[in-house]
Amino acid sequence: MSVTAEPSQRSVSALAARGCICLVIAVSLIEIFAPRPLLGLIGGAALVAYFLLSWRRLTLISAIPITLSLVMLVLAVLRDVPLESFIHAFERACFLASLLALLGMLRVAASAAPEIERAGRYITAQPPGRRYLALNFGGHVFGMLINLGGMAILLDMAARAMGRGSAHLPPDLQRLKLRRMTLAVTRGFGLVALWSPLAFSVNSLLLSMPDLDYLDVGPVGFALSFVVAGYGWLLDRRLAPKGRNLPRGTASPDPADRGAVGLLLAHLGVLGGAVIALSSLAPVSFQQALLLVLPSYALLWMARTGWRATGGAIPATGRMIRDSLRSFGAATSELGVFASGGLLSVLVISVLPVEDIRVLTGDLGMTPVAAVWAISLTMFLSGCIGINPIISASVLGSLVSQLGIAGLATPAAALTLMGTWAAVMCFSPFITTVAYAGALIGQSPVSVGIRWNWPYSIGLLLLWNCGMSLAVHFGLL
């Protein structure tokens, strides 16, 4: 009796948990057109129910921010924080959880598209002279469309391409090649944080810094992403073997696959353009436009894929919805981290003595340049001890907005945090990007992040902060 009852109970719990996330998404979407305080409370209750039903799937990385959220909730109650702050906190938590879930729908649609396989083949088959930039670009594009799933696809293809085309290399150079390919992909994935309208970095800061507009930071971050990619390429050239005559491999890219890369860029252009256009032309914010566009585009993409493959658009979209619902149950840890980021960005500011902190910064004579380094190093060190950047960026973004440090414009603070995010997500072994990449290639996160990537991440952190400091000092930002 008990043996058969336990799986049945877990099945019911899993279905109920998926229903809770669907309710959270529904609340976030309804609030776009009919905002009501009650909706935030309903969404918050649904999130709590989801984590109670799915607690077995929580990991240490997600348990830490959830515990911090619970502590902040208790402190907020003890300090008589007004109900409006709790509602605002739940609304932010629901938005970030909904964004993660709806990006999961886009990931399912993109994974099923044949252009993903073809583009991955073309990118991973590039010759040595172009391989780093190709994989860096691939990690960037795949990361925007499929998040960590895109990085997994590209690293898996890179490993298979290396197996086919690297038998002529000695073992030490095979290991070096795998290292360079892994770093190229993960660094490209990290560049998403600098500008992408789909990036969690951008959206968490837009939420926590009400005066920030995407066009204040997106174009600048996009331009700087090319500079950062070039810096990574220079570091890669230093790793290239020199002074050894090596036979050349036989694998080469198929020219027929080149068009798939352009098609993926077209997807990104249409998707990002639709979000920006909707937020500009309709009475909705950037984040609300993103929530509306993501599921619509995912459904259209999947319908197109199904129609071209079998002529059945409706069955294909049905499969995508089912797969997306199943993914909600498997994303408990990620949802915990992101929901906590939204919650903490409000409650921490409500609990902290912001006025006392403002007086303290004034007494210390904190300059805007000192503030740039302070928020950046705080975020980087927090990531090194396991606090996800979405939490530290959300809290620091809210704090900077509340303090109103003279001379530090909101876009400058946001760009500082975005650059730091790109640096720490390729460095800390506690960050999902590094841990996932290590698992995919059979290396420890410490090797992938700290041992292999420290010149890039530390160099990026220092150069980015120096650039932001100069821009702030001369009034460019």
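The shown structure was predicted, so the numbers you read here are calculated from the model rather than taken from an experiment.

Reading guide: rules and limits
- Residues numbered from 1 in each chain as written.
- Predicted model: local features only at pLDDT ≥ 70, side-chain atom pairs only at ≥ 80, totals over all residues.
- Heavy atoms only, no water.
- Helix = DSSP H or I, 4+ residues; strand = E, 2+ residues; numbered from the N terminus.
- Buried < 20%, exposed > 50% of the residue type's maximum accessible area, 1.4 Å probe, protein only.
- Contact = heavy atoms within 4.5 Å.
- Disulfide = S-S within 2.5 Å.
- Expected span 1.5 Å × (residues − 1).
- Core = buried A, V, L, I, M, F, W, Y, C linked by side-chain atoms within 4.5 Å.
- pLDDT = per-residue confidence, 0-100.
- Polar contact = N/O pair within 3.5 Å; in protein donor to acceptor, adjacent residues only side chain to side chain.
- Phe/Tyr/Trp six-rings, centres within 6.5 Å; stacked < 30°, edge-to-face > 60°.
- Patch = residues over 30% accessible without salt bridge, like charges linked within 9 Å, V, L, I, M, F, W, Y side chains within 5 Å.
- Areas by Shrake-Rupley, 256 points an atom, 1.4 Å probe, with all protein chains shown as cover.
- Salt bridge = Lys/Arg side-chain N within 4 Å of Asp/Glu carboxyl O.

> Honestly, the overall build of the protein in this entry has me stumped. Any pointers?
Of regular secondary structure, the protein possesses 20 helices and zero strands. With respect to the principal axes defined by its C-alpha atoms, the protein has extents near 70 × 65 × 50 Å. When burial is assessed residue by residue, the protein has 53% of its 477 residues classed as buried. A sequence separation of at least 24 residues applies to 80% of the contacts in the protein between residues at least 6 apart.

> When you look at the state of the cysteines in this model, what are you seeing that I'm missing?
Note on terminology: disulfide describes a covalent bond linking the sulfur atoms of two cysteines. Tallying each qualifying case throughout the model produces zero disulfides. No disulfide involves Cys 466; its sulfur sits 18 Å from the nearest other cysteine sulfur, which is in Cys 384. With relative accessibility at 39%, the residue Cys 466 sits in the partly exposed group.

> How should I be thinking about helix α13 (residues 313-330) in this particular structure?
Since there are 3.6 residues in each turn of an α-helix, residues three or four apart along the chain are aligned in direction. With 18 residues, α13 should reach 26 Å at 1.5 Å per residue; the first-to-last C-alpha distance of 26 Å fits that figure. Of the positions making up α13, those classed as buried are Ala 316, Thr 317, Met 320, Ser 324, Ser 327, Phe 328 and Gly 329.

> Is there a simple way to think about the nonpolar core in this case?
Soluble globular proteins tend to pack their nonpolar side chains together in the buried interior. Ranked by size, the top nonpolar core spans 148 residues in total, and within it Leu 47 and Leu 408 carry the most contacts. Among the elements that take part in this core, helix α4 (residues 83-112) stands out by supplying 18 residues, more than any other. Contacts of Leu 47, omitting those with residues within four sequence positions, involve Ile 21, Val 24, Ala 93, Cys 94, Ala 97 and Ala 339.

> What exactly am I supposed to notice about the confidence of the model for the protein here?
Do not read the fine detail of predicted coordinates wherever pLDDT is low. Per-residue pLDDT for the protein averages 89, and the proportion of residues at 70 or more is 94%. Taken element by element, the predicted model of the protein shows its lowest mean pLDDT in helix α7 (residues 148-165) (75) and its highest in helix α18 (residues 410-424) (97).

> Would you take a moment to explain the environment of Pro 445 for this structure?
Mapped onto the fold, Pro 445 is located in helix α20 (residues 445-473). What makes Pro 445 partly exposed here is its relative accessible area of 27%. In this structure, the C-alpha to C-alpha distance between Pro 445 and Phe 427, residues 18 residues apart in sequence, is 8.9 Å. Setting aside anything within four residues of it in sequence, one finds Pro 445 in contact with Pro 429, Val 434, Ala 435 and Ile 450.

> Would you take a moment to explain the side chain of Glu 115 for this structure?
With respect to the helices, strands and loops of the structure, Glu 115 is situated in helix α5 (residues 114-124). Classification of Glu 115 as buried rests on a relative accessible area of 2%. Side-chain polar atoms of Glu 115 contact the side chain of Trp 301, separated by 3.1 Å. Excluding anything up to four places from it in sequence, Glu 115 contacts Ala 260, Leu 263, Leu 264, His 267, Trp 301 and Arg 304.

> Help me out: how do you make sense of the packing of aromatic side chains in this one?
Two descriptors summarise a pair of aromatic rings, namely the distance from one centre to the other and the angle between the planes of the rings. Applying the stated criterion across every chain, the model contains eight aromatic pairs. Ring centres of Trp 195 and Phe 222 lie 4.8 Å apart, and the angle between their planes is 70°; on these two criteria the pair is classed as edge-to-face. Placement of the pair is Trp 195 in the loop between α8 (171-190) and α9 (200-208) and Phe 222 in helix α10 (residues 214-239), with a sequence separation of 27 residues. You can call Trp 195 buried: its relative accessible area is 16%. Judged by its relative accessible area of 36%, Phe 222 is partly exposed.

> Would you mind going over a nonpolar patch on the surface with me for this structure?
Together, Leu 23, Leu 38, Leu 41, Ile 42 and Leu 83 make up a nonpolar patch on the protein surface, roughly 420 Å² of accessible area in all. Among the elements that take part in the nonpolar patch, helix α2 (residues 37-53) stands out by supplying three residues, more than any other. Along the chain, Ile 42 turns up in helix α2.

> Would you mind showing me how to read the environment of Pro 315 here?
By the element assignment, Pro 315 lies in helix α13. Given the relative accessible area of 46%, Pro 315 is considered partly exposed. Along the chain, Pro 315 and Val 293 lie 22 residues apart, while their C-alpha atoms are 21 Å from each other.

> Can you help me understand unusual backbone geometry in this one?
Peptide bonds are trans in most cases, and residues, glycine excluded, mostly fall at negative phi. Of note in the backbone geometry, Asp 80 takes a positive phi value of approximately 55° without being a glycine. Taking the relative accessible area as the measure of exposure, Asp 80 reaches 65% and is therefore exposed.

> Looking at this model, I keep getting lost on the side chain of Arg 180. Mind explaining?
Tracing the backbone shows Arg 180 in helix α8. Look at Arg 180 and you get buried, because its relative accessible area is 16%. Setting aside residues no more than four positions away along its own chain, Arg 180 makes contact with Tyr 132, Asp 236, Arg 237, Leu 239, Ala 240 and Pro 241.

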